[in-house]
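# Architecture and fold: a report
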Amino acid sequence: MPSTRRSVSPARQREYWDALAPEYARITRIRTDDFHYGPQIPGERELRLLPPLDPGSSALELGCGGGQNSVYLATRGVRCEALDISERQLANARALAAHANVRVEFRRASLEDFASAPPPPRRFDLVHSSHALEFVEDPGAVVRAMAAAAKRGGTVLVSTVHPLFNGDWIEGEWEDESGRGAGAAGSGIFLRDYFSPPDDVRDDAFGHAVSRAWPVSAWFGWFRAAGLEVTALLEPPATTDAPYTSDDWADHGGELDRIPSTVILLGRKQ
(Lines give C-alpha, C1' and ligand atoms only; values in the text may rest on other atoms or scores of the structure.)
Protein backbone atom coordinates (compact mmCIF):
# COMPACT_ATOMS: atom_id res chain seq x y z
CA MET A 1 0.00 0.00 0.00
CA PRO A 2 2.31 2.78 -1.20
CA SER A 3 1.67 6.30 0.03
CA THR A 4 -0.34 8.68 -2.17
CA ARG A 5 0.81 11.62 -0.05
CA ARG A 6 3.67 14.06 -0.56
CA SER A 7 6.68 12.43 -2.16
CA VAL A 8 10.20 13.13 -0.91
CA SER A 9 13.21 11.53 -2.56
CA PRO A 10 15.68 9.52 -0.48
CA ALA A 11 18.34 12.04 -1.54
CA ARG A 12 16.46 14.90 0.12
CA GLN A 13 15.83 12.81 3.22
CA ARG A 14 19.57 12.02 3.37
CA GLU A 15 20.47 15.71 3.06
CA TYR A 16 18.08 16.49 5.93
CA TRP A 17 19.55 13.89 8.28
CA ASP A 18 23.13 14.76 7.37
CA ALA A 19 22.41 18.39 8.26
CA LEU A 20 20.48 17.52 11.43
CA ALA A 21 22.90 14.89 12.79
CA PRO A 22 25.09 17.16 14.98
CA GLU A 23 22.11 18.95 16.54
CA TYR A 24 20.21 15.68 16.96
CA ALA A 25 23.16 14.15 18.84
CA ARG A 26 23.38 17.25 21.02
CA ILE A 27 19.73 17.47 22.11
CA THR A 28 18.78 13.78 22.43
CA ARG A 29 19.85 11.39 25.18
CA ILE A 30 19.75 7.75 24.05
CA ARG A 31 21.27 5.21 26.42
CA THR A 32 23.06 2.03 25.42
CA ASP A 33 22.30 0.12 28.63
CA ASP A 34 18.77 -0.54 27.39
CA PHE A 35 17.19 -1.24 23.98
CA HIS A 36 14.93 1.65 23.01
CA TYR A 37 11.67 1.53 21.04
CA GLY A 38 11.12 5.25 20.62
CA PRO A 39 11.14 8.60 22.37
CA GLN A 40 9.83 8.83 25.92
CA ILE A 41 8.50 5.25 26.16
CA PRO A 42 9.79 2.22 28.10
CA GLY A 43 12.68 0.21 26.75
CA GLU A 44 13.44 -3.50 26.69
CA ARG A 45 14.19 -3.56 30.41
CA GLU A 46 10.46 -3.06 31.01
CA LEU A 47 8.77 -4.31 27.83
CA ARG A 48 10.69 -7.62 27.40
CA LEU A 49 10.00 -7.97 23.69
CA LEU A 50 13.31 -9.16 22.26
CA PRO A 51 13.71 -12.85 21.45
CA PRO A 52 16.36 -14.88 23.29
CA LEU A 53 19.68 -13.78 21.78
CA ASP A 54 22.74 -15.77 22.79
CA PRO A 55 26.31 -14.65 22.10
CA GLY A 56 26.83 -15.35 18.42
CA SER A 57 23.23 -14.58 17.44
CA SER A 58 22.88 -12.12 14.58
CA ALA A 59 20.91 -8.88 14.20
CA LEU A 60 20.33 -6.38 11.41
CA GLU A 61 19.14 -2.84 12.17
CA LEU A 62 17.51 -0.56 9.59
CA GLY A 63 17.69 3.21 10.04
CA CYS A 64 20.11 2.88 12.93
CA GLY A 65 20.79 6.60 13.42
CA GLY A 66 23.40 6.92 16.15
CA GLY A 67 23.58 3.13 16.47
CA GLN A 68 22.54 2.87 20.12
CA ASN A 69 20.38 -0.26 19.72
CA SER A 70 23.03 -2.12 17.74
CA VAL A 71 25.69 -1.14 20.28
CA TYR A 72 23.40 -2.39 23.08
CA LEU A 73 23.07 -5.77 21.34
CA ALA A 74 26.77 -5.97 20.47
CA THR A 75 27.75 -5.50 24.12
CA ARG A 76 25.76 -8.68 24.75
CA GLY A 77 27.69 -10.68 22.18
CA VAL A 78 25.27 -10.34 19.26
CA ARG A 79 26.85 -10.05 15.80
CA CYS A 80 25.37 -6.80 14.51
CA GLU A 81 25.00 -5.14 11.14
CA ALA A 82 23.28 -1.77 10.77
CA LEU A 83 22.49 0.64 7.98
CA ASP A 84 21.37 4.24 7.78
CA ILE A 85 20.79 6.80 5.05
CA SER A 86 22.99 9.46 6.68
CA GLU A 87 26.78 9.23 6.65
CA ARG A 88 26.99 11.80 9.46
CA GLN A 89 24.67 9.70 11.61
CA LEU A 90 26.85 6.68 10.85
CA ALA A 91 29.95 8.61 11.90
CA ASN A 92 28.30 9.15 15.29
CA ALA A 93 27.38 5.46 15.42
CA ARG A 94 30.92 4.30 14.65
CA ALA A 95 32.31 6.59 17.35
CA LEU A 96 29.81 5.21 19.85
CA ALA A 97 30.70 1.60 19.00
CA ALA A 98 34.42 2.38 19.33
CA HIS A 99 33.81 4.01 22.72
CA ALA A 100 31.91 0.89 23.86
CA ASN A 101 34.70 -1.33 22.45
CA VAL A 102 32.31 -3.40 20.32
CA ARG A 103 32.23 -4.26 16.63
CA VAL A 104 29.20 -3.33 14.53
CA GLU A 105 29.27 -3.46 10.74
CA PHE A 106 27.79 -0.11 9.70
CA ARG A 107 27.04 0.83 6.10
CA ARG A 108 25.18 3.60 4.33
CA ALA A 109 22.01 2.67 2.46
CA SER A 110 18.49 3.98 2.23
CA LEU A 111 15.56 1.82 3.26
CA GLU A 112 14.38 2.03 -0.35
CA ASP A 113 17.72 0.55 -1.46
CA PHE A 114 17.34 -2.23 1.09
CA ALA A 115 13.78 -3.00 -0.03
CA SER A 116 14.71 -3.23 -3.72
CA ALA A 117 17.93 -5.25 -3.30
CA PRO A 118 18.10 -9.06 -3.24
CA PRO A 119 17.99 -10.56 0.27
CA PRO A 120 21.39 -10.53 2.01
CA PRO A 121 23.44 -13.72 1.61
CA ARG A 122 23.07 -14.58 5.29
CA ARG A 123 19.90 -14.41 7.34
CA PHE A 124 19.50 -12.87 10.79
CA ASP A 125 17.93 -13.98 14.07
CA LEU A 126 16.58 -10.43 14.56
CA VAL A 127 15.79 -7.74 11.99
CA HIS A 128 14.74 -4.53 13.71
CA SER A 129 13.99 -0.87 13.14
CA SER A 130 13.08 1.88 15.60
CA HIS A 131 11.37 5.00 14.24
CA ALA A 132 12.76 4.87 10.71
CA LEU A 133 10.04 3.32 8.55
CA GLU A 134 7.85 6.42 8.85
CA PHE A 135 10.30 8.13 6.47
CA VAL A 136 9.64 5.78 3.51
CA GLU A 137 6.75 5.93 1.07
CA ASP A 138 6.14 2.17 0.93
CA PRO A 139 6.60 0.62 4.40
CA GLY A 140 5.07 -2.65 3.22
CA ALA A 141 7.96 -3.19 0.79
CA VAL A 142 10.47 -2.64 3.61
CA VAL A 143 8.63 -5.07 5.89
CA ARG A 144 8.73 -7.72 3.14
CA ALA A 145 12.48 -7.18 2.75
CA MET A 146 12.95 -7.40 6.53
CA ALA A 147 11.08 -10.71 6.55
CA ALA A 148 13.22 -12.00 3.68
CA ALA A 149 16.37 -11.09 5.64
CA ALA A 150 15.22 -13.00 8.76
CA LYS A 151 15.98 -16.64 9.42
CA ARG A 152 13.12 -19.09 9.50
CA GLY A 153 11.76 -18.73 13.01
CA GLY A 154 13.53 -15.38 13.32
CA THR A 155 12.05 -12.13 14.59
CA VAL A 156 11.10 -8.91 12.80
CA LEU A 157 10.56 -5.91 15.07
CA VAL A 158 9.30 -2.49 14.00
CA SER A 159 8.49 0.52 16.14
CA THR A 160 7.13 3.58 14.38
CA VAL A 161 5.03 6.70 14.86
CA HIS A 162 1.46 6.05 16.02
CA PRO A 163 -1.27 7.54 13.79
CA LEU A 164 -2.83 9.38 16.74
CA PHE A 165 0.43 11.21 17.37
CA ASN A 166 0.13 13.05 14.04
CA GLY A 167 -3.14 14.64 15.14
CA ASP A 168 -3.48 18.09 16.70
CA TRP A 169 -4.03 18.87 20.36
CA ILE A 170 -6.87 21.33 20.93
CA GLU A 171 -8.16 23.15 23.99
CA GLY A 172 -11.85 23.82 24.56
CA GLU A 173 -15.03 23.11 26.48
CA TRP A 174 -16.52 19.68 26.10
CA GLU A 175 -20.16 18.67 26.20
CA ASP A 176 -21.29 16.38 28.96
CA GLU A 177 -22.42 12.85 28.19
CA SER A 178 -25.99 13.95 27.44
CA GLY A 179 -24.77 16.52 24.93
CA ARG A 180 -27.00 19.19 26.47
CA GLY A 181 -24.41 21.53 27.90
CA ALA A 182 -20.85 22.55 28.14
CA GLY A 183 -18.65 20.48 30.38
CA ALA A 184 -15.29 21.26 31.88
CA ALA A 185 -12.57 22.89 29.88
CA GLY A 186 -9.93 20.45 28.70
CA SER A 187 -7.76 19.29 25.84
CA GLY A 188 -7.77 16.35 23.51
CA ILE A 189 -6.58 15.00 20.20
CA PHE A 190 -8.18 16.04 16.92
CA LEU A 191 -7.59 13.76 13.95
CA ARG A 192 -9.66 14.51 10.87
CA ASP A 193 -9.14 11.11 9.24
CA TYR A 194 -7.65 8.18 11.18
CA PHE A 195 -7.30 6.13 8.00
CA SER A 196 -5.17 8.81 6.33
CA PRO A 197 -3.34 10.64 9.12
CA PRO A 198 -1.63 13.90 8.16
CA ASP A 199 2.04 13.85 7.29
CA ASP A 200 4.57 15.43 9.63
CA VAL A 201 6.25 17.75 7.11
CA ARG A 202 9.56 19.19 8.27
CA ASP A 203 10.72 22.35 6.51
CA ASP A 204 13.36 24.07 8.60
CA ALA A 205 16.98 25.15 8.68
CA PHE A 206 18.09 21.53 8.20
CA GLY A 207 16.16 20.97 5.00
CA HIS A 208 13.06 19.01 4.10
CA ALA A 209 11.78 15.64 5.31
CA VAL A 210 8.42 13.93 5.73
CA SER A 211 7.35 11.48 8.43
CA ARG A 212 4.23 9.47 7.63
CA ALA A 213 1.86 7.70 9.99
CA TRP A 214 -0.33 4.74 9.05
CA PRO A 215 -3.29 3.02 10.73
CA VAL A 216 -2.28 0.20 13.06
CA SER A 217 -4.27 -2.22 10.89
CA ALA A 218 -2.07 -1.32 7.90
CA TRP A 219 1.05 -2.39 9.81
CA PHE A 220 -0.66 -5.61 10.88
CA GLY A 221 -1.55 -6.29 7.23
CA TRP A 222 1.99 -5.64 6.01
CA PHE A 223 3.39 -8.07 8.56
CA ARG A 224 0.90 -10.77 7.58
CA ALA A 225 1.47 -10.22 3.85
CA ALA A 226 5.21 -10.70 4.45
CA GLY A 227 4.58 -14.14 5.96
CA LEU A 228 5.05 -13.02 9.56
CA GLU A 229 3.03 -14.18 12.52
CA VAL A 230 2.31 -11.10 14.63
CA THR A 231 3.25 -12.13 18.15
CA ALA A 232 2.98 -8.75 19.91
CA LEU A 233 1.44 -5.35 19.26
CA LEU A 234 1.98 -2.57 21.80
CA GLU A 235 1.05 1.11 22.17
CA PRO A 236 3.06 2.09 25.27
CA PRO A 237 2.31 5.23 27.30
CA ALA A 238 5.09 7.58 28.29
CA THR A 239 7.45 6.83 31.15
CA THR A 240 9.76 8.95 33.28
CA ASP A 241 12.63 6.49 32.78
CA ALA A 242 12.83 6.33 28.98
CA PRO A 243 16.14 5.21 27.44
CA TYR A 244 15.47 7.70 24.60
CA THR A 245 14.54 11.24 25.60
CA SER A 246 15.25 14.95 25.21
CA ASP A 247 14.12 18.06 27.04
CA ASP A 248 11.33 18.61 24.51
CA TRP A 249 10.13 15.00 24.66
CA ALA A 250 10.21 14.99 28.47
CA ASP A 251 8.18 18.23 28.58
CA HIS A 252 5.11 16.73 26.90
CA GLY A 253 2.63 18.20 29.35
CA GLY A 254 0.91 14.87 30.01
CA GLU A 255 -0.16 14.43 26.40
CA LEU A 256 1.82 11.21 25.97
CA ASP A 257 0.13 9.80 29.06
CA ARG A 258 -3.17 10.03 27.19
CA ILE A 259 -2.31 8.92 23.66
CA PRO A 260 0.48 6.68 22.33
CA SER A 261 3.28 8.22 20.30
CA THR A 262 4.63 4.85 19.14
CA VAL A 263 3.23 1.55 17.91
CA ILE A 264 5.44 -1.57 18.21
CA LEU A 265 4.94 -4.76 16.20
CA LEU A 266 6.78 -8.02 16.68
CA GLY A 267 6.59 -10.78 14.11
CA ARG A 268 7.96 -14.31 13.78
CA LYS A 269 8.95 -15.65 10.37
CA GLN A 270 6.95 -18.78 9.63
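Above this text sits the structure in question.
None of these values were measured; they are calculated from a predicted model.

## Some details on the packing of helix 1 (residues 10-27) against helix 4 (residues 87-100)
As a packed pair, helix 1 and helix 4 sit with axes 7 Å apart at the nearest point and diverge in direction by 35 degrees. For the pair formed by helix 1 and helix 4, the contact residues are Trp17, Asp18, Ala21, Pro22, Tyr24 and Ala25 on the first element and Glu87, Arg88, Gln89 and Asn92 on the second. Across the contact of helix 1 with helix 4, the residue classes break down as five nonpolar, two polar and three charged.

## Things to note about the pattern of salt bridges
Once their charged atoms are close, side chains differing in charge can pair, the charge on each being opposite to the other. According to the stated counting rule, one finds 11 salt bridges in the structure shown. For Lys151, the salt bridge identified is with Asp125, shortest N-O distance 3.4 Å. With a gap of 26 residues between them, Lys151 in strand 6 (residues 150-161) and Asp125 in strand 5 (residues 124-130) connect regions that are remote in the sequence. Residue Lys151 is classed as partly exposed on the basis of its relative accessible area of 32%. Residue Arg202 pairs with Asp200 through a salt bridge whose shortest N-O separation is 3.3 Å. A relative accessible area of 22% places Arg202 in the partly exposed class. Among the ionic contacts, a cluster of salt bridges with common partners joins Arg31, Asp33, Arg45 and Asp241.

## Quick look at unusual backbone geometry
With a phi angle near 65 degrees, Gln40 is a residue other than glycine that sits in the positive phi range. Looking at where Gln40 falls in the secondary structure, it is placed in the loop between strand 1 (28-30) and helix 2 (44-47). Unusually for a residue other than glycine, Arg48 sits at a positive phi of about 55 degrees. Tracing the backbone through its elements, the reader meets Arg48 in the loop between helix 2 and strand 2 (58-62).

## Observations concerning the sheet that holds strand 2
The seven strands are arranged 4-3-2-5-6-13-11 in an open sheet whose pairing can be described as mixed. Looking at strand neighbours, the two that pair on one side only are strand 4 (104-108) and strand 11 (228-234), the edges of this open sheet. With strand direction ignored, the average angle separating the axes of adjacent strands in the sheet is 15 degrees. Inspection of the sheet shows strand 11 paired to strand 13 (residues 262-269) by six bridges, in the antiparallel sense. Across the sheet, residue Glu229 finds its bridge partner in strand 13, namely Arg268. Together, strand 3 (79-84) and strand 4 form the strand contacts of helix 4, whose direction differs from that of strand 4 by roughly 170 degrees. In the packing of helix 6 (residues 139-149) onto the sheet, the strands contacted are strand 2, strand 5, strand 6, strand 11 and strand 13, and the crossing angle to strand 6 comes to about 150 degrees.

The rules behind each value
Starting afresh in each chain, residues are numbered from 1 along the sequence in its written order. Residues qualify for local features only when their pLDDT is at least 70, as the model is predicted, and side-chain atom pairs are given and counted only at 80 or more; totals for whole chains, interfaces and linings, by contrast, use all residues. Excluding hydrogens and water, the side-chain figures rest on all heavy atoms present in the structure. Here an angle of 0 to 180 degrees is reported between the N-to-C directions of two axes, which are lines fitted to C-alpha atoms, with helices fitted over the stretch in contact. What counts as a helix is a DSSP run of H or I of at least four residues, what counts as a strand is a run of E of at least two, and both are numbered from the N terminus. In this analysis, two residues are considered to be in contact whenever any of their non-hydrogen atoms come within 4.5 Å of each other. In this count, Pro and Cys sit with the nonpolar residues alongside Ala, Val, Leu, Ile, Met, Phe, Trp and Tyr, while Asp, Glu, Lys and Arg are called charged and the others, Gly among them, polar. Salt bridges are defined by distance alone: a side-chain nitrogen of Lys or Arg within 4 Å of a carboxyl oxygen of Asp or Glu. Only protein chains enter the accessibility calculation, which uses a 1.4 Å probe; a residue is then buried when its area is under 20% of its type maximum, exposed when over 50%, and partly exposed in between. A pair of strands is treated as paired once DSSP finds two or more bridges between them.

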